[in-house]
Each structure stands twice: as C-alpha cells, then as structure tokens.
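# Summary of structural features
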Amino acid sequence: MNEQVEVAEKDHFVLYMVLVTVALVGAILAVKLNENEKFEPIKQQINQENQQMNIRVIREYGD
C-alpha cells in the first residue's frame, strides 16, 4: 500500500509570455517617443520653410 501523491506544478508560460510582451511594447514605445523628440527640430524647420514659401502671387490682368 504505497501511495504516491503527485503535486501538480503550475505552468507559468502564459504569465512569462505576457511579461515579455509588455516589456517589448514598452521598449518599442520608448524608442518611438525618442524618435519624435529627436526629429522635432527638423519638423519645425520644415514647417517654417513651408510657411515662408507659401506666398500668394496675385496676377494683375492688363486689358
């Protein structure tokens, strides 16, 4: 009468995958926000150049 009791261990695979996914999404968001800050002066310069080039020319018609 030898009984063996098996203890079921919990599988934490899903938990690990969720943690890895959250870490990757956080890293991607950090990189994207850093890129936005890095290219902000260039975007401002392009906007200024577009405003300076946006000159309306009024053509006078001579009869």
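These numbers were taken from a predicted model, which means no experiment stands behind them.

## Thoughts on the overall build of the chain
Secondary structure summary: the chain contains one helix and zero strands in total. A burial count over the chain gives 0% of its 63 residues as buried. Summed over all atoms, the accessible surface of the chain reaches about 7,200 Å², with 57% contributed by carbon and sulfur.

## Section: the pattern of salt bridges
Considering all chains together, one arrives at one salt bridge under this definition. Glu-35 is the salt-bridge partner of Lys-32, the closest N and O atoms lying 3.8 Å from each other. You can see Lys-32 and its partner Glu-35 sitting in helix H1 (residues 13-53), three residues apart, about one turn around the helix. A relative accessible area of 47% means that Lys-32 is categorised as partly exposed.

Calculation notes
- Residues numbered from 1 in each chain as written.
- Predicted model: local features only at pLDDT ≥ 70, side-chain atom pairs only at ≥ 80, totals over all residues.
- Heavy atoms only, no water.
- Helix = DSSP H or I, 4+ residues; strand = E, 2+ residues; numbered from the N terminus.
- Buried < 20%, exposed > 50% of the residue type's maximum accessible area, 1.4 Å probe, protein only.
- Areas by Shrake-Rupley, 256 points an atom, 1.4 Å probe, with all protein chains shown as cover.
- Salt bridge = Lys/Arg side-chain N within 4 Å of Asp/Glu carboxyl O.

In short, geometric facts, not functional conclusions.
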